[in-house]
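# Architecture and fold: a report
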Amino acid sequence: MRILIANDDGYLAPGLATLVAACEGLGQLDVVAPEQNASGTSNSLTLSRPLQVFHASNGYRYINGTPSDCVHVALTGLLGYKPDLVVSGINNGANMGDDTIYSGTVGAAMEGYLFGIPAIAFSQVDKGWGELE
């Protein structure tokens, strides 16, 4: 199984690392996430400036755009294949009710869905990560 992992809190977010760890062993993982926190960007795509792809020392790729940009760029040429699943998160805070309309976490999953790929977004109710060990 090939899994594309994205988020909206940025490529250095603890939730992203937690989601990657949870998916390890399920198949080939590729992470493409925003360079900065992009919470609240919904399904927006960047149309007014060029996007750039960067490689992080942890093996992730990150883009100077929105969560939807990350999934869109990954699916339209960056990966070179169509993943079997898109997962997004883990968002730092709940995405419930109206929050889902604005959520970049949900937007990244929706971008995968719009390309015909099963997708899911993960969020946690309580903000903050406490003590990570």
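Our subject in this report is the structure included herewith. A quick note: this is a predicted structure, and the numbers were derived from the prediction, not measured. (Residues numbered from 1 in each chain as written. Predicted model: local features only at pLDDT ≥ 70, side-chain atom pairs only at ≥ 80, totals over all residues. Heavy atoms only, no water.)

All right, on to the state of the cysteines then. For the structure shown, the criterion picks out 0 disulfides. Residue Cys-23 stays outside any disulfide, its sulfur separated by 16 Å from that of Cys-70, the closest cysteine. On the accessibility criterion, Cys-70 (0% relative accessible area) is buried. (Disulfide = S-S within 2.5 Å. Buried < 20%, exposed > 50% of the residue type's maximum accessible area, 1.4 Å probe, protein only.)

Right, let's get into the nonpolar core. The biggest cluster of nonpolar side chains holds 14 residues, and the ones touching the most others in it are Ile-5, Leu-16 and Val-31. When contributions to this core are tallied by element, the ones reaching two or more residues are β1 (2–6), α1 (14–23), β2 (28–34) and β5 (85–91). Per-element tally for this core: the top contributor is α1, with 4 residues. Excluding residues within four positions of it along the chain, Val-31 makes contact with Ile-5, Leu-16, Val-20, Tyr-60 and Arg-61. By size, the runner-up hydrophobic cluster in this structure holds 13 residues, among which are Leu-4, Ile-63, Cys-70 and Ile-117. (Core = buried A, V, L, I, M, F, W, Y, C linked by side-chain atoms within 4.5 Å. Helix = DSSP H or I, 4+ residues; strand = E, 2+ residues; numbered from the N terminus. Contact = heavy atoms within 4.5 Å.)

Further remarks concern the packing of aromatic side chains. On inspection of all chains with the given rule, the structure shows 2 aromatic pairs. Ring geometry for Tyr-11 and Tyr-62: centres 3.9 Å apart, planes at 5°, overall stacked. Residue Tyr-11 is found in the loop between β1 and α1, and its partner Tyr-62 is found in strand β4 (residues 61–63); the two are separated by 51 residues along the sequence. Summarising the burial analysis for this pair, Tyr-11 and Tyr-62 share the class buried. Centroid distance Phe-54 to Tyr-62: 5.1 Å. Interplanar angle 20°. Geometry classified as stacked. Overall, Phe-54 belongs to the partly exposed group, its relative accessible area being 26%. Residue class for Tyr-62 comes out buried when judged on its relative accessible area of 12%. Feature note: the residues Tyr-11, Phe-54 and Tyr-62 constitute an aromatic cluster, connected by ring pairs. (Phe/Tyr/Trp six-rings, centres within 6.5 Å; stacked < 30°, edge-to-face > 60°.)

The next point concerns unusual backbone geometry. Across the junction of Gly-89 and Ile-90, the peptide omega takes the value -10°, indicating a cis bond. Within the element layout of this structure, Ile-90 appears in strand β5. At Ser-42, a position not held by glycine, the phi torsion is positive, near 55°. Checked against the element boundaries, Ser-42 lands in the loop between β2 and β3 (53–55).

What follows covers the pattern of salt bridges. Applying the stated criterion across every chain, the model contains 1 salt bridge. One salt bridge connects Asp-30 with Arg-61, and the closest N-O pair in it is separated by 3.2 Å. Within this pair, whereas Asp-30 is found in strand β2, its partner Arg-61 is found in strand β4, the two being separated by 31 residues in sequence. Residues Asp-30 and Arg-61 agree in their burial class; the two are buried. (Salt bridge = Lys/Arg side-chain N within 4 Å of Asp/Glu carboxyl O.)

Next up on the list: the packing of helix α2 (residues 67–78) against helix α4 (residues 104–114). Two numbers describe how α2 lies on α4: the axes approach to 7 Å, and their chain directions differ by 25°. For the element pair α2 / α4, the angle class is roughly parallel. Handedness of the α2/α4 crossing: right-handed. Residue-level contacts link Pro-67, Ser-68, Val-71, His-72 and Leu-75 of α2 to Gly-104, Gly-107, Ala-108, Glu-111 and Gly-112 of α4. Residues that form the contact of α2 with α4 fall into these classes: 4 nonpolar, 5 polar and 1 charged. (Axes fitted to C-alpha atoms, helices over the stretch in contact; angles between N-to-C directions. Parallel < 35°, antiparallel > 145°, perpendicular 65-115°, else oblique. Left-handed = near helix turned anticlockwise from the far one by under 90°. Nonpolar A, V, L, I, M, F, W, Y, C, P; charged D, E, K, R; others polar.)

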